[in-house]
Amino acid sequence: MTKPVSLVLIGIGGYGNHYVKLLLEDNSYKGRYEIAGAVDPYPENCTFLSSLVENEIPIFSSIENFYASHKADFAIISTPIHLHSSQICLALENGSHVLCEKPLCPTIEEAKQIIDTMKRTGKWVQIGFNWSFTDSIQGLKADINAGLFGKPKQLKYIVLWPRPEAYFQRSSWAGRIKAPDGTVILDSVASNATAHFLHNMFYVLGIKENQSTQLESLTAELYRANPIENYDTCAVRLFTENQVEILFYAAHAVKESLEPTFVYEFEEATIRYTKGNPIEATFKTGAVKTYEDPENHHFHKLWRCLDWLCNDNYKDGMCGPQDACPHVLSINAIQESTSIHDFPSDLIRKMPVDKTTLTWVDGLSNTLIECYEKGRLPSELGVDWAKQGKRISLLNGKVSN
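Residues numbered from 1 in each chain as written. Predicted model: local features only at pLDDT ≥ 70, side-chain atom pairs only at ≥ 80, totals over all residues. Heavy atoms only, no water.

(A) Representation of the pairing of strand E5 (residues 97-101) in the model. Among the five residues of E5, five are classified as buried, and the element is accordingly described as predominantly covered. Where burial is concerned, the two faces of E5 agree: the one with His97, Leu99 and Glu101 and the one with Val98 and Cys100 are both buried. Across four bridges, the pairing between strand E4 (residues 74-77) and E5 is parallel. Bridging from a neighbouring strand, alanine 75 pairs with valine 98 of E5. The pairing of E5 with strand E6 (residues 125-128) spans four bridges and is classified as parallel. Note on E6: the bridge partner recorded for valine 98 is valine 125. As for the winding sense of the linkage, the β-α-β connection from E5 through helix H5 (residues 108-121) to E6 is right-handed. (Buried < 20%, exposed > 50% of the residue type's maximum accessible area, 1.4 Å probe, protein only. Helix = DSSP H or I, 4+ residues; strand = E, 2+ residues; numbered from the N terminus. Pairing = 2+ DSSP bridges. Right-handed = clockwise from strand over helix to strand, strands pointing away.)

(B) Just the packing of H5 against helix H11 (residues 321-337), in detail. Look at H5 against H11: their axes get within 9 Å of each other, and the N-to-C directions meet at 165°. With respect to H11, the axis of H5 lies roughly antiparallel. You can see that H5 and H11 cross each other, and the crossing is left-handed. Together, Ile108, Ala111, Ile114, Ile115, Met118 and Lys119 of H5 and Pro321, Gln322, Cys325, Val328, Leu329 and Asn332 of H11 make up the contact between the two elements. Looking at the contact of H5 with H11 residue by residue, the class counts come to nine nonpolar, two polar and one charged. (Axes fitted to C-alpha atoms, helices over the stretch in contact; angles between N-to-C directions. Parallel < 35°, antiparallel > 145°, perpendicular 65-115°, else oblique. Left-handed = near helix turned anticlockwise from the far one by under 90°. Contact = heavy atoms within 4.5 Å. Nonpolar A, V, L, I, M, F, W, Y, C, P; charged D, E, K, R; others polar.)

(C) Spatial organisation of the packing of aromatic side chains. This structure, assessed with the given rule, holds 26 aromatic pairs. For the ring pair tryptophan 131 and tyrosine 273, a centre distance of 5.2 Å and an interplane angle of 85° mean the geometry is edge-to-face. Residue tryptophan 131 is located in the loop between E6 and helix H6 (135-145), and its partner tyrosine 273 is located in strand E12 (residues 269-274); the two are separated by 142 residues in the primary sequence. Among the residues examined, tyrosine 273 registers a relative accessible area of 3% and is labelled buried. When the centroid spacing of 6.3 Å and the interplanar angle of 90° are considered together, the rings of tyrosine 249 and tyrosine 372 count as edge-to-face. Here tyrosine 249 is found in strand E10 (residues 245-251), whereas its partner tyrosine 372 is found in helix H12 (residues 364-374), with 123 residues between them in sequence. The pair formed by tyrosine 249 and tyrosine 372 is uniform in burial state, with each residue classed as buried. Each residue in the set Trp131, Tyr157, Trp161, Phe197, Phe262, Tyr264 and Tyr273 is aromatic and connected to the rest through ring pairs, giving one cluster. Against the face of tyrosine 372 rests lysine 156, its NZ or CZ located 4.9 Å from the ring centre. Just above the ring of tyrosine 167 sits the side chain of arginine 163; from NZ or CZ to the centre is 5.4 Å. (Phe/Tyr/Trp six-rings, centres within 6.5 Å; stacked < 30°, edge-to-face > 60°. Lys NZ or Arg CZ within 6 Å of the ring centre and 35° of its normal.)

(D) Structural context of the pattern of salt bridges. As enumerated under the stated definition, the model contains 14 salt bridges in all. The salt bridge involving glutamate 216 is made with arginine 391; its shortest N-O contact spans 2.7 Å. Of the two residues, glutamate 216 sits in strand E8 (residues 215-224) while arginine 391 sits in the loop between H12 and strand E18 (392-393), which places them 175 residues apart along the sequence. With relative accessibility at 14%, the residue glutamate 216 sits in the buried group. Taking the shortest distance from any N to any O, the salt bridge between arginine 349 and aspartate 362 comes out at 3.3 Å. Here aspartate 362 lies in the loop between strand E17 (356-361) and H12 and arginine 349 lies in strand E16 (residues 348-353), a separation of 13 residues in the sequence. Looking at aspartate 362, the relative accessible area reads 37%, which means it is partly exposed. Put simply, Arg237, Glu245 and Glu380 are held in one network by salt bridges that share partners. (Salt bridge = Lys/Arg side-chain N within 4 Å of Asp/Glu carboxyl O.)

(E) How the structure looks around unusual backbone geometry. In this structure, the amide linkage connecting lysine 102 to the following residue, proline 103, adopts the cis form with an omega of -10°. Position of proline 103 relative to the elements: it lies in the loop between E5 and H5. Phi angles above zero are rare outside glycine, and glutamate 56 is one such case at about 60°. Structurally, glutamate 56 is set in the loop between helix H2 (49-54) and strand E3 (59-60). Using a relative accessible area of 71% as the deciding quantity, one classes glutamate 56 as exposed. Here the phi dihedral of lysine 355 falls at roughly 65°; this positive angle occurs in a residue that is not glycine. Relative to the helices and strands, lysine 355 is located in the loop between E16 and E17. Overall, the relative accessible area of 91% leaves lysine 355 in the exposed class.

(F) Looking closely at the sheet that holds E5. Pairing in this open sheet of six strands is parallel, and the strands run E3-E2-E1-E4-E5-E6 from one edge to the other. What marks the edges here is a single partner per strand, and that holds for E3 and E6.

(G) Structural view of the packing of H6 against helix H9 (residues 195-204). One can describe the packing of H6 onto H9 by two numbers: an axis separation of 10 Å at closest approach and a directional angle of 40°. On the basis of the axis angle, H6 is oblique to H9. Of the residues in H9, those in contact with Ile137, Gln138, Leu140, Lys141 and Ile144 of H6 are Asn200, Tyr203 and Val204. Along the lines of polarity and charge, the residues of the contact of H6 with H9 split into five nonpolar, two polar and one charged.

(H) Region of the structure containing the nonpolar core. Counting residues in each nonpolar core, the largest one holds 116 residues, and the members touching the most others are Leu9, Phe74, Leu104, Phe149, Tyr157 and Phe248. Tyr249, Ala253, Leu368 and Tyr372 belong to the second-largest nonpolar core, a separate cluster that totals 21 residues. (Core = buried A, V, L, I, M, F, W, Y, C linked by side-chain atoms within 4.5 Å.)

Below is the structure:
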């Protein structure tokens, strides 16, 4: 583009604060974009509201109000999960390319609507799964596709992130399956806080730079300690269309953190990672290849998009709606595989944390770590409170029993 890219920030509180700060303070693309407006029904929740006002950036209460009088080449959406589909489609219909925060949307039906709208309008959409836009993951993915490690055998991931009561009370949609009006939300430990890591296992197995693998089946176990509608703990087994086993363990109902950790097993190498360290591939020969910690570059997604817009060199992107669909599909199937089971009350503990309360389950961390190490679900270890889920078919991108 010869003129600056015009952009609109949709959602400037919460995570949206990061975008406001970067775009106002970072000099990487200064002069190559201009903020045409910001949209938020509660702009007072933006830490940098005064800076927006000082820069004479107009604030709108809704997307409709913005597009009624303004246009934008690029829309950045950082809003609640259940608003993503309608907001992405509205931005596309009004001529904007889109970067939307993860996850794509609550249901696979909404995902298909987004893809259809994108194709019809000729505009592109990227979903902000941070890792997918980093050089390290792109390099790892390329090496996997080149057969450097041999065929994949098993990928497994564990994330134990304590979340206190305040986390689940931060909004009316947190921890909800549906809104009071019936709108599907599906906010959970797997769809939100740890979504990046579940998605990554699908993404690195995709046969193209911007493609995720397709899924064949899923079995899940869901548990809850906090007084929420949805689950705060999950253990999931999936199989890809090529019969690669994927295991995922995540929980908020724990006392201490276990940062994102994975082991990806291939025929000729084992790839390991723990947050704060490089990704390390160790070959059977003893050789080692490393990739930079992808956590170091959360906002490559923004700079990649701006580069595509500024230089008019967008091809297929790095993480579009099609690439995010397996994650949406897995979240839908997780909810179908089993009911949400409450942990036994005699195992639930509470402790004060920063003026709020943390609810955690005695022994849960050790159980999930053992599951991770052995490649099993809790019910397969004979844990007293564990309840086995049923297998859900995901063939042809559909959830079916």
